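Geometric and topological summary
Now for the letters of each chain:
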Amino acid sequence: MIISSRIHDHFAASRLLSFCALSESGDLHYATKLFNNTQNPNLFMWNTLIRGHANSQIPEKSVFLYVQMRKLGVVPNNHTLPFLLKACSNCGYSESCKQVHTHVFKFGLELELHIVNALMRGYCVSTDLEGARQLFDEMQERNLITWTTMISGYVQNFCADEGLVLFNKMILEDFEPNGATFASVLSACADSDCLELGERIHGFIKTKNIEIGVILGTALVHMYAKNGAIMKAKTLFDKMPQRNIATWNVMICGLAGHGHAQEALTLFQELDKGQIIPNDITFVGVLSACCHAGLIIVGREIFNSMKRVYGVEPKIEHYGCMVDLLGRGGKVAEAEELIKEMTWKADVVILGALLAACKNHRNIEVAERVVRDIQALEPDNHGAYVVLAGMYAEAGRWEDVRGLRTTMRRAKLNKTPGWSKADVDN
DNA sequence: CTAGGGTTAG
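Residues numbered from 1 in each chain as written. Chains lettered and ligands numbered in written order. Predicted model: local features only at pLDDT ≥ 70, side-chain atom pairs only at ≥ 80, totals over all residues. Heavy atoms only, no water.

Looking at an unreviewed UniProt entry, chain A carries the name Pentatricopeptide repeat-containing protein, with the source organism given as Rubroshorea leprosula.

In total, this model carries 11 aromatic pairs according to the counting rule given. Ring centres 6.0 Å apart and planes at 55° place the aromatic pair F268 and Y310 in the tilted group. Residue F268 is located in helix α16 (residues 261–273), and its partner Y310 is located in helix α18 (residues 296–310); the two are separated by 42 residues in the primary sequence. The exposure class assigned to F268 is buried, which follows from its relative accessible area of 6%. A residue is classified by how much of its surface remains accessible, and Y310, at 18% relative accessible area, is buried. The aromatic ring of F136 is capped on one face by R142, whose charged end is 4.5 Å from the ring centroid. Sitting over the face of the ring of F237, R243 holds its NZ or CZ atom 4.4 Å from the ring centroid. (Phe/Tyr/Trp six-rings, centres within 6.5 Å; stacked < 30°, edge-to-face > 60°. Helix = DSSP H or I, 4+ residues; strand = E, 2+ residues; numbered from the N terminus. Buried < 20%, exposed > 50% of the residue type's maximum accessible area, 1.4 Å probe, protein only. Lys NZ or Arg CZ within 6 Å of the ring centre and 35° of its normal.)

A word on the protein's contact with DNA strand B. Of all residues adjacent to DNA strand B, which total 41 residues, the nearest are N78, K86, H114, N117 and N178. With respect to DNA strand B, the side chain of Q156 contributes an N or O atom lying 3.1 Å from a phosphate oxygen. In terms of residue count, the dominant contributor to the surface near DNA strand B is helix α9 (residues 144–156) (6 residues). When grouped by side-chain class, the residues that make up the surface near DNA strand B number 14 nonpolar, 21 polar and 6 charged. (Near = heavy atom within 4 Å. Polar contact = N/O pair within 3.5 Å; in protein donor to acceptor, adjacent residues only side chain to side chain. Nonpolar A, V, L, I, M, F, W, Y, C, P; charged D, E, K, R; others polar.)

Following the sequence through the fold, H53 ends up in helix α3 (residues 43–54). Classification of H53 by relative accessible area gives buried; the value is 2%. Engagement of the side chain of H53 in a polar contact is seen with the backbone oxygen of L49, the distance being 3.0 Å. Residues in contact with H53, not counting those within four places in the same chain, are L28, T32, I58, P59, K61, S62 and L65. (Contact = heavy atoms within 4.5 Å.)

So, on to the UniProt feature "repeat: PPR" (unreviewed entry) in chain A. Per the UniProt record, "repeat: PPR" (unreviewed entry) is annotated on residues 42–76, 112–142, 143–177 and 244–278. Secondary structure within residues 42–76 divides into 69% helix and 0% strand; the distance between the first and last C-alpha atoms comes to 11 Å. In residues 143–177, the share of helix is 74% and the share of strand is 0%. The end C-alpha atoms are 10 Å apart. (UniProt positions renumbered as here; feature names shortened; annotations may be inferred.)

Below, the discussion takes up the domain arrangement of chain A. Here chain A is described as being made up of domain 1 (1–141), domain 2 (156–231) and domain 3 (244–314). When each unit is reduced to the centre of its C-alpha atoms, the spacing between domain 2 and domain 3 is 26 Å. Taken together, the contact between domain 2 and domain 3 spans 8 residues of the former and 9 residues of the latter. Buried surface at the junction of domain 2 and domain 3, summed over both partners, amounts to about 680 Å²; 79% is from carbon and sulfur atoms. When residues of domain 2 are sorted by the area they lose upon contact with domain 3, T218, V221 and I230 head the list and together hold 60% of the total. Applying the counting criterion to the domain 2 and domain 3 interface returns 0 salt bridges. The biggest single contributor to the side of domain 2 that touches domain 3 is helix α13 (residues 214–226), with 6 residues. Residue composition of the side of domain 2 that touches domain 3, grouped by class: 4 nonpolar, 3 polar and 1 charged. (Domains from an automatic or database assignment. Buried area = accessible area lost by both parts, 1.4 Å probe. Salt bridge = Lys/Arg side-chain N within 4 Å of Asp/Glu carboxyl O.)

Its 13 residues place the ends of helix α12 (residues 195–207) 18 Å apart at the C-alpha level, agreeing with the 18 Å of an ideal helix rising 1.5 Å per residue. Here α12 has its buried residues at L197, G198, I201, H202 and I205. Viewed end-on, α12 has its buried residues packed into an arc of 145°, placing them on one side of the element. Opposite the buried face of α12, by more than 90 degrees, sit the exposed residues E196, R200, K206 and T207. Buried residues belonging to α12 abut α10 (160–172), α11 (179–191), α13 and α14 (230–239). (Expected span 1.5 Å × (residues − 1). Arc of directions from axis to C-beta.)

To continue, consider the packing of helix α1 (residues 10–22) against α3. Relative orientation and spacing of two packed helices are given, respectively, by the angle between their axes and the distance between those axes. In contact at an axis separation of 9 Å, α1 and α3 are set at 5° when each is read in the N-to-C sense. On the basis of their axis angle, the class for α1 and α3 is roughly parallel. Residues H10, A13, S14, L17, S18, A21 and L22 of α1 form the contact with α3, whose participating residues are F44, M45, T48, L49, R51 and G52. Its residues placed into classes, the contact of α1 with α3 shows 7 nonpolar, 5 polar and 1 charged. (Axes fitted to C-alpha atoms, helices over the stretch in contact; angles between N-to-C directions. Parallel < 35°, antiparallel > 145°, perpendicular 65-115°, else oblique.)

What follows is the structure, encoded as structure tokens:
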């Protein structure tokens, strides 16, 4: 194209640019070079490069390009803003959704369905459900994407029930859901224990001959597993022609959560033989299985292999599983050591697990340190004091029970307006 | 004459 000067034909150059920027086998870096060597790129080219960067490792570049484009006076269209919004979401720029919203008005694009849907999605990603819902309610026209976006927005923000209510409304308004809609709705069924609805949807999917691919299959397995229908989940899981790590995770965690620790571990080993690489979620499932079954040695081995064998850096929830596992098995000292090893500050959840272990195995010495740490994190939380007081009482240490009572009273007074710490001490 | 959105795991 360069030799034949076709590169100067904007239309032909656009096709080349779009291949480089968007295709799986393309090269975003090369696309950028092409773009930079183009004089007066047209809107299509700007849009293509913004879109290409939106899902890249550097979505910030999309925003930068948009700003550059605006400085040159180029006016965005209905293809520009959806990808700009996607880029903002991928950057974690939550406030920028509102900024783009002002541009939607500025350029008179507020009736473009693609744009309003993308805006809604942007508000959902930045956890502004009210903002998203307001857009939804004010829309003059809605399509399948609109409904699916709003429903998934609720589900992903832990409002499964609201999502189900909206799904009902969707059906009443005669919109026909598709596989994407059902994936979200099934996730809601999993979160709010709706086995019957989940089963009805499964039946509907079958009668409508909707293809059960990886995503929908995973959503179905998750729904059954979470609702305790482990056999149904397992049968479906076994039948799936394609599975990814999420599929394995719902099955492993489902088994672990319903007392089938051994089966969860077996599944983990099968995954080990295959092409699937476990991730942090897999290990939450496997370690919690060990915890339920009291498999200290196996659990310790798996925990130690996480980083070494699988390259998965343990997070606080994995330490949490281990503290729980060790603590339940009476290895309170080892559990305390493990918490000290962590690079982060211990949170109340993990300290609570350790305190429970102290209580069950009557380890007052460690419990005193744990209670002190919990108190430092949550001064208003007196639950830990109550546990410790119970332990003192059980050991017949009444003097210490009284001491704790004084400390609690003092903490309460200290919070009372008008009183300073010095007043209390005096 | 070029192009697009929503979906699964703790």
